[in-house]
Amino acid sequence: MSDIITEVSALMPTLLDQAGIMLWIVALSLLFGGIAGLILGLLLYVTRKGGILQQPIIFWVINILVNTFRPVPFIIFIAAVQPLARVVVGRGIGAEAVVFGISIAASFFIARLVEQNLMSVDPGVIEAARAMGAGPWRIIWTVILPEALGPLVLGYTFAIIALIDMSAVAGIIGGEGLGNYAVAYGYRQFNPVVTWSALFLIVIVVQVIQALGNVLARKILRR
């Protein structure tokens, strides 16, 4: 037992460094993918039949796009977008390519999360705003998004945890982070201490993120 504690202590600086890399990748991917997903999800909601900006063609195109790419397993997706990553970020492997691939993949599943959370907004509130003379864009910014903010926080909390999972898979194109470290230096090197130490740290990070998301959403919903 003492040998394991000593080994874990020796690993801790590396584990914390890899945790920082993981969170950096997740943060950048959430920034780009989160914004793109919010825009796509919002467009899905407002352009659908009965939406305040009903546009069947736009809805159909975005819906097909999301339904096409969202179910693709991420390990296949990130390998498939390597040529595009070389064009956009200048390289097909490494941290930049990882952030690029995760951001694109995240935008599609976040779009569906956003759409589903916006559907929770009471139509009566929207109709009341319309009756008061508010235009579509004013309704979006002052009614729909504020009303759905609590569920959106929970949805994005789920998305962050999914991005952590993606960051581990991204090791196949040279990505770093705790997940890849556990696989490369734990599983493949037959070192269970590395694997379980990294896993334990990932669980702690996920628990903290989920707790913060729950607290923030609860405060918003109580307003």
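What you see is a predicted model, and the numbers here were worked out from it, not measured in a lab. (Residues numbered from 1 in each chain as written. Predicted model: local features only at pLDDT ≥ 70, side-chain atom pairs only at ≥ 80, totals over all residues. Heavy atoms only, no water.)

Engineer: What is the right way to read the packing of aromatic side chains from this model?
Structural biologist: Within a pair of aromatic rings, the relevant descriptors are the distance that separates the centres and the angle that separates the planes. Scanning the entire structure with this criterion turns up 3 aromatic pairs. Seen in terms of ring centroids, Phe69 and Phe77 are 6.3 Å apart; in terms of plane orientation they differ by 85°. Their pairing is edge-to-face. (Phe/Tyr/Trp six-rings, centres within 6.5 Å; stacked < 30°, edge-to-face > 60°.)

Engineer: Explanation requested: the pattern of salt bridges in the structure shown.
Structural biologist: According to the stated counting rule, one finds 4 salt bridges in the structure shown. A salt bridge links Arg48 to Glu115, with the shortest nitrogen-to-oxygen separation between them at 2.4 Å. With Arg48 in the loop between helix H1 (2–47) and helix H2 (56–69) and Glu115 in helix H5 (residues 95–118), this pair connects stretches of sequence that are 67 residues apart. We classify Arg48 as partly exposed; its relative accessible area is 22%. For Glu115, a relative accessible area of 6% puts it in the buried group. Notably, a salt bridge pairs Glu127 with Arg130, separated by 3.1 Å at the nearest N-O pair. Separated by 3 residues within a single helix, Glu127 and Arg130 lie in helix H6 (residues 123–131), roughly one turn from each other. Of the residues examined, Arg130 reaches a relative accessible area of 34% and is grouped as partly exposed. Among the charged side chains, a network of salt bridges with common partners joins Arg48, Arg112 and Glu115. (Salt bridge = Lys/Arg side-chain N within 4 Å of Asp/Glu carboxyl O. Helix = DSSP H or I, 4+ residues; strand = E, 2+ residues; numbered from the N terminus. Buried < 20%, exposed > 50% of the residue type's maximum accessible area, 1.4 Å probe, protein only.)

Engineer: Just to check I follow, could you spell out the confidence of the model for the protein for this structure?
Structural biologist: Parts of the prediction with low pLDDT should not have their coordinates interpreted in detail. Per-residue pLDDT for the protein averages 89, and the proportion of residues at 70 or more is 98%. Ranking the helices and strands of the protein by mean pLDDT puts H2 first, with 94, and helix H9 (residues 178–187) last, with 83. (pLDDT = per-residue confidence, 0-100.)

Engineer: Any chance you could explain the environment of Leu84 here in plain terms?
Structural biologist: Mapped onto the elements of the fold, Leu84 is located in helix H4 (residues 82–89). Overall, the relative accessible area of 42% leaves Leu84 in the partly exposed class. In the structure, Leu84 is positioned 13 residues away from Ala97 in sequence and 9.2 Å away in space, judged by C-alpha atoms.

Engineer: I tried to follow unusual backbone geometry on my own but got confused; where do I start?
Structural biologist: One can expect most non-glycine residues to show negative phi and most peptide bonds to be in trans. Unusually for a residue other than glycine, Phe190 sits at a positive phi of about 55°. Along the polypeptide, Phe190 turns up in the loop between H9 and helix H10 (192–221). With relative accessibility at 75%, the residue Phe190 sits in the exposed group.

Engineer: Please clarify how the packing of H5 against helix H8 (residues 149–169) should be interpreted in this entry.
Structural biologist: With their axes 10 Å apart at the nearest point, H5 and H8 run at an angle of 155° to one another. As far as their axial angle goes, H8 and H5 are roughly antiparallel. With respect to the hand of their crossing, H5 and H8 are arranged in right-handed fashion. Only Pro151, Leu152, Gly155, Tyr156, Phe158, Ala159, Ala162, Leu163, Met166 and Ser167 of H8 make contact with H5, whose side of the interface consists of Ile102, Ala105, Ala106, Phe109, Ile110, Leu113, Val114, Asn117 and Leu118. A per-class count over the contact of H5 with H8 returns 16 nonpolar, 3 polar and no charged. (Axes fitted to C-alpha atoms, helices over the stretch in contact; angles between N-to-C directions. Parallel < 35°, antiparallel > 145°, perpendicular 65-115°, else oblique. Left-handed = near helix turned anticlockwise from the far one by under 90°. Contact = heavy atoms within 4.5 Å. Nonpolar A, V, L, I, M, F, W, Y, C, P; charged D, E, K, R; others polar.)

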